[in-house]
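Notes for the structure review
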Amino acid sequence: MFGKEFFRHGVHPPEAKDLTADVPIRRVPFPDQIVLPLRQHIGAPSRALVRKGDRVERGDKIAEAGGFVSVAIHASASGTVKDVEKRAHPDGSYVDSIVIDVEAHSAQVPRPRVIPHWEGLDKKELLRAIQDGGLVGMGGAAFPAHVKLSPPPDQKIDTLLLNGCECEPYLTTDHRTMVEYPERCHIGTRILMKVLGVKKAVVGIERNKPDAIKIMRETVPDDLDIEVLPLTVKYPQGAEKMLIKAVMDREVPEGGLPMNVGVVVMNVASVATVAEIFETGQPLIERILTVTGSGIKKPRNLIVPIGMKVGDVIDACGGFTDDACKVIMGGPMMGPAQGNMETPILKGTSGVVVLNEEEAHPQATYPCIKCGHCLDACPVFLDPQHLGSLGLNMEYMEMYDKNHLSTCMLCGCCSYVCPSHIPLSHLFGVAKSALRSEGVRV
Amino acid sequence: MSKPSLLLTASPHVLGPDSTPRIMWTVVATLIPIIATSVFFFGPSALLILIAAGAGAVLTERLIGRKGSLNDGSAAITGILLGLTLPPGMPLWMAFLGGFFGIAFGKLIFGGLGQNPFNPALLGRAFLQAAFPVAITTWPTTDGPWGALRGDNFALPLMSPKVVDGTTGATPLGLFKFEQTGTGMGNLLMGNTSGSVGETFGLLILICGAYLAWKNYLNWRIPVSIFATVFAFSGILWLVDSSAYQSPMFMLFSGGLMLGAIYMATDMVTSPTTNPGCWIFGAGIGFLVMVIRVWGGLPEGMMYSILFMNALVPFINRSTRPRVFGQQPKARAAKSEEAKS
């Protein structure tokens, strides 16, 4: 392609992927209870279709899309709806969730259904099937996939970009997906290329996954123009804008979307799920998840039903070690720490990382010494030092108006390098939510 | 499942290896070889001056600074750096007073670490220069018995120091400016000249600076920019008339230029945060120091150049902010707006 295979700035946190990089994906036994929040994606929450006491089979649609930027939710296990009630969400809030008591000794076989072959469907039907399959971006942001895949007619898309970077430390979800299900990735790519009407697809993979690069290359179908491109290992290589810059040397305009530069980016796990939706008819009811870290007895890569509680997932991996200290949903750079073991795994949860006391030990903070390291780390060239001092003084409008706060993607590079351990990206997150609660779109 | 007591903090949950105290104490560690050679050249006087200036800075920080702020190491740096810029024969009480002034009025009055606009060590020195202009320009030579004091170090406070005859001389810059005498390059590089406690051994300062730059504990653009500007400026003058002006190498290795460029100008708090800003900052210092040295009344101008550029740092930072990712250049953005309407 035309990019330099890297973007400017960024950081190099320890990768820590060895724990699970070679561990094959395994299924886990079904838990006793599943919690499915109606808000698992960016956009409008889904609308529940079931009530207390209803019996559901695995794969049944139990909530429908609550708007265009919204998707359906399906039962990830057979059982009885205990209630639709407020339950703990990984972001710290309590949201309406469908709670299912899983039937013990159930075969967990989905109802038989007719799966129309995707080649016979037109673009609109494919998109509806994807929305009905409940597909969202599975790399973390959980943006409804069909929205990304329906650019307005005046936006010409020329390339489908598959994100196999997995730049977050510890996580090996996408890595194992590519190593174990490369064909599924390519089938999904074929379907998405038809949806978008593009001739060219590129898979961007960081160089620290040579086995994934090799397998993905070897399995590319002859009739498709799919390029597997090894990329520099650097955080946040997997951020959409950084990936597009590295692969295509195109810069998404400020406030714009990848489609503005003719690209649609999809995470490899989402693409593999597209194949599943059309090949087996199974909607997004389970996902591959890395459970790892120094605080876990047996780090593993698992297939878990969506809605399984984080505590059950940890138990499935041998439980906590004695010195476990912090549970993180997602990767350690951006994932929120969890205090409630009842919070469920969502569609967009790519991992559970448990750190021990030594690694999670909080660091003392010092005053800013204006070293400028954060400016050298910020992948979108903000001035985190200045933004941080504004944030501490709660001058949020100034951050938004004059200092490009909305360009910040909260990747955490500035906090990572700060020698004074000032929680910069946290300050920016706080500023963003404060502005949003006042109705500012940031 | 037994749930351990869990820690809830904001992401990121992994942090880089650097910390502010580590940066500060590493800088202190790189100063140790410079201190050792200064003691070699100037005997016990050098050590006494460093201890006095250091004590002034550290005690002031301890007494009126925030609790525990000594641990970050910045007061120790200020004290040592101030000591390194003073003549070895100076009365100790003056050095102590300089340390006090640098910390109290150079740093704590602005709110402590990170808040000061001016380099505190240099502000302390500027105070001493204004208060004791003779004492701060009385330079001992490097010869004479090692163990002897290089001046009236133990003069009582507020008493004028006794002049010790025969052991004082001019610095290479002073020699050149007022007596039109050159100094051998070898002596300049190895520090065997008159001068402040720690400024003379240019080569060693350069090596320590290279280590700090490699650790990313100083922004290499600042010293490189200073050297390049001074080299170019003095090189042109030297080519025009090599008898009236000194060679570029002499300019680089004489006076406080090395110490100032490596340890003073790169002070993180008082230098620009942007990389283009660092180039401008360094070029400004290099230009000013040449103007003062060549046309000014003083033989050396490193201190005033850095302090002057310190004052411009907020302005430099504001005008060199990088273009944000995806931000349209103003002209093009205006054009596309036109096209839309």
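Per chain, residues are indexed from 1 in the order of the written sequence. Note on labels: chains are lettered from A, ligands numbered from 1, in written order. Restriction of local features to residues with pLDDT of at least 70 applies here, the model being predicted, together with a cutoff of 80 or more for giving and counting side-chain atom pairs; totals for whole chains, interfaces and linings are based on all residues.

Right, let's get into helix H3 (residues 74-84) of chain B. Residue and element names in this part refer to chain B. Counted residue by residue, H3 has ten buried out of eleven residues, so it is predominantly covered. Each residue is classed by its C-beta neighbour count within 10 Å, where at least 20 other C-beta atoms makes it buried, 12 or fewer makes it exposed, and intermediate counts make it partly exposed; the C-beta atoms are placed from backbone geometry. Comment: elements are numbered from the N terminus, with helices defined as DSSP H or I runs of at least four residues and strands as E runs of at least two. For H3, the full list of buried residues reads Ser74, Ala75, Ile77, Thr78, Gly79, Ile80, Leu81, Leu82, Gly83 and Leu84. For H3, the secondary structure elements touched by its buried residues are helix H1 (20-42), helix H2 (44-64), helix H4 (92-106), helix H5 (120-131) and helix H11 (257-264). Once C-beta atoms are placed from the backbone, any two residues with those atoms within 7 Å are in contact.

The next subject is the sheet that holds strand E6 (residues 73-74) of chain A. All names here are of chain A. Ordered in space as E3-E5-E6, the three strands form an open sheet in which the pairing is antiparallel. Edge positions in the open sheet fall to strand E3 (47-48) and E6, since each of these has one partner strand only. Between any two strands, at least two bridges found by DSSP are needed for them to pair. Note: strand E5 (residues 61-64) against E6, two bridges, orientation antiparallel. By the bridge assignment for E6, Lys61 is matched with His74.

Let's shift gears to the sheet that holds strand E4 (residues 55-56) of chain A. Overall, antiparallel pairing links the four strands, which are arranged E2-E8-E7-E4 (chain A) in an open sheet. Looking at the sheet topology across the chains shown, the edges are occupied by strand E2 (33-37) and E4 of chain A.

Below, the discussion takes up the pairing of strand E14 (residues 300-305) of chain A. Residue and element names in this part refer to chain A. Burial analysis of E14 places five of its six residues in the buried class, the great majority of the element. Looking at chain direction, strand E1 (residues 25-27) and E14 are connected through three bridges and run parallel. What sits directly across from Ile25, in E14, is Asn301. Across six bridges, strand E13 (residues 286-292) lies against E14 in antiparallel orientation. By the bridge assignment, Arg287 is partnered in E14 with Val304.

Moving on to the domain arrangement of chain A. It is common to give the size of an interface as the accessible area that goes away when the parts come together. Residue and element names in this part refer to chain A. In terms of domains, chain A is made up of domain 1 (1-28 + 127-361) and domain 2 (373-437). Summarising the inter-unit geometry, the C-alpha centres of domain 1 and domain 2 are found 25 Å apart. Tallying the contact residues gives 13 residues for domain 1 and 13 residues for domain 2. Gly falls in the polar group here, along with every residue not listed as nonpolar (Ala, Val, Leu, Ile, Met, Phe, Trp, Tyr, Cys, Pro) or charged (Asp, Glu, Lys, Arg). Residue composition of the side of domain 1 that touches domain 2, grouped by class: nine nonpolar, three polar and one charged. The domain limits used here are those given by an automatic or database domain assignment.

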